[in-house]
Amino acid sequence: HSLQFYLEPPTENISLVEFESFAIDRLKLLKVVENLGVSYVRTSDSYKTKLESELRKLKFPYKALAEDDYEARRKDHISHFILRLAYCQSEDLRRWFLQQEMDLLRYRFNELTEGLIQKFLEHVNLSFEAISEDLKNELAYELCTSTPGFNITKVKEQMFYKVALADAVDLFRARRVFIKDGFAYVPLKDIDAIVLNNYRTKLSKALALTARSLPSIQSDERLQPLLNHLSHSYVGPDYSVQKNTGKFALEQIDALSVKSFPLCMRQLHKALRDNHHLRHGGRMQYGLFLKGIGLTLEQALEFWKKEFIRGKVDADKFDKGYAYSIRHSYGKEGKRTDYTPYSCMKIIMSNPPSQGDYHGCPFRHSDPELLKQKLQLYKIPPSGVTQILELVKGMHYQLACQKYFEFTHDVDDIGFSLNHPNQYFAESQRLLSGGREVKKELGNSGNSQQKSNSQESMNSNSTPTSSNTTADAELEGLEAYFTED
């Protein structure tokens, strides 16, 4: 079947050329899924149209459960398992792969007809049965009052499924479903949430099991280099590799923070200047960002020391405590791991700030009223503030940051999907230096559901949602050095 949970691995022999070709095409597809997920609302027509176009172009199944496209279904099946091997190697890679595969399944599932949905549910052993018209009419009032947004007419039009309560816990918690005799009566429009939750559980376990079997694959001299290459091919620029080392003087950082820093880093810089101190979460996030924009180790030591000794930390305490952690983050101490600046997804998903902290994503972690005040302070026009807050309300945090970029740089189409603070900085510098032309279009309404990014610019400039591959265990080692406040 072209729509499946990938429970049975392929058993046929394929050439290394086909192995690599299939894997690269699926990576291209997942990259498009990721870019569209950031740039468009997933239920919008634009999202669906562009994703179908990409599926056709890369010769993957786009008509679910069609029986006449064996080669496309074979490619879909094999390529999923190849990438499962490549992307099980770290927590960040697993998280990225899982998110994109879930978005792809969601799109394919929502394209099914009611009859094909029933066929698919049977295929993946999800024993949800559609209730009869007689039972639906009998329960019409209860279904109407228990399902948000439904009236009697909608109840009669929509198919409902009888689902074991254990499978509909999320809907039950949100009070969005009718419960009777241990069963939830779920409308067609909500059944995808249950299917996706089931798929997430199965794929998460499968990725963990695959990771355990890696040693046997790592001994294969043909496969291991190829899998390593695949797991890095679409993970975007490695910002631990400094391309502009020493390009900026310390005296420029204040001006750069206003012109080219994303809001999260601008917030951290201001807090550091105001308080002459940042707690360990802020030092990690901001310190690695500064390293990524080109600060040398010597510049970083000078920058942090000058600021800290203006506060309550004397020079001796800085040299004994804080300097070691900075050298460690540059790979000069401990395991000598060259640490990577945090991606947007890592900042959004991990280590939320507590009181007295300034790290995190302002669009994700700030109170909406405080965020509104900050945006107004930074001269974002009222219409822009409204658009950004709407995106935040819809949990489109990276899209909100893209809007912030547009309003602070006076452009309508930034031409890339934003996934990394250092990407924001690099694109800002390129724009300000005249390296990229983006014209301000008159009369643009700034529709938050769409970005008119060309596919080429998305493919070349976007970074994935996952952090760029430093193992969590290594990051924990670094965190230990930053724990002193």
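All figures in this text were calculated on a predicted structure; none of them were measured in a lab. (Residues numbered from 1 in each chain as written. Predicted model: local features only at pLDDT ≥ 70, side-chain atom pairs only at ≥ 80, totals over all residues. Heavy atoms only, no water.)

### A few points about the pairing of strand E4 (residues 183-187)
Here's step 1: Among the five residues of E4, four are classified as buried, and the element is accordingly described as predominantly covered.
Here's step 2: As paired elements, strand E3 (residues 178-180) and E4 share three bridges and run antiparallel to each other. Looking at E4, one finds that phenylalanine 178 is bridged to tyrosine 185.
Here's step 3: Counted along the chain from E3 to the antiparallel partner E4, the turn is two residues long, and its residue aspartate 181 has a positive phi close to 55°. (Buried < 20%, exposed > 50% of the residue type's maximum accessible area, 1.4 Å probe, protein only. Helix = DSSP H or I, 4+ residues; strand = E, 2+ residues; numbered from the N terminus. Pairing = 2+ DSSP bridges.)

### Points about the UniProt feature "binding site: [4Fe-4S] cluster" (unreviewed entry) in the chain
Here's step 1: Look at the UniProt record and you will see "binding site: [4Fe-4S] cluster" (unreviewed entry) annotated at Cys264, Cys344, Cys361 and Cys401. A compact arrangement is adopted by the annotated residues: their sequence extent is 138 residues, whereas the largest C-alpha distance between any two is 9.8 Å.
Here's step 2: Tracing the chain through its elements places cysteine 344 in helix H18 (residues 344-349).
Here's step 3: Assessed through its relative accessible area of 12%, cysteine 344 is described here as buried.
Here's step 4: Sequence-distant contacts of cysteine 344, that is, excluding residues within four places in its chain, are made with Gln398, Asn419, His420 and Pro421.
Here's step 5: With a relative accessible area of 10%, cysteine 401 lands in the buried category.
Here's step 6: Those residues in contact with cysteine 401, other than ones at most four positions away along the chain, are Pro262, Phe363, Leu418 and Tyr424. (UniProt positions renumbered as here; feature names shortened; annotations may be inferred. Contact = heavy atoms within 4.5 Å.)

### Comments concerning the sheet that holds strand E1 (residues 129-130)
Here's step 1: With respect to topology, four strands assemble into an open sheet ordered E1-E2-E4-E3, the strand pairing being antiparallel. Two strands bound the open sheet, and with one partner strand each, they are E1 and E3.
Here's step 2: Where helix H5 (residues 114-123) meets the sheet, it contacts E1 and strand E2 (160-164), and its direction lies at approximately 15° from that of E2.
Here's step 3: Each of E2 and E4 touches helix H10 (residues 188-212); the most contacted strand, E4, lies at about 115° to it. (Axes fitted to C-alpha atoms, helices over the stretch in contact; angles between N-to-C directions.)

### Observations regarding the pattern of salt bridges
Here's step 1: For the coordinates displayed, the defined rule picks out 28 salt bridges.
Here's step 2: Here arginine 74 ties to glutamate 71 by a salt bridge, and the two come within 3.6 Å at their closest N and O atoms. Here arginine 74 pairs with glutamate 71, and both are found in helix H3 (residues 70-86), just three residues apart, close to one helical turn.
Here's step 3: Note that arginine 273 is salt-bridged to aspartate 254, the shortest N-O span being 2.9 Å. Of the two residues, arginine 273 is situated in helix H14 (residues 263-275) and aspartate 254 in helix H13 (residues 253-259); the sequence distance between them amounts to 19 residues.
Here's step 4: Given a relative accessible area of 25%, arginine 273 falls into the partly exposed group. (Salt bridge = Lys/Arg side-chain N within 4 Å of Asp/Glu carboxyl O.)

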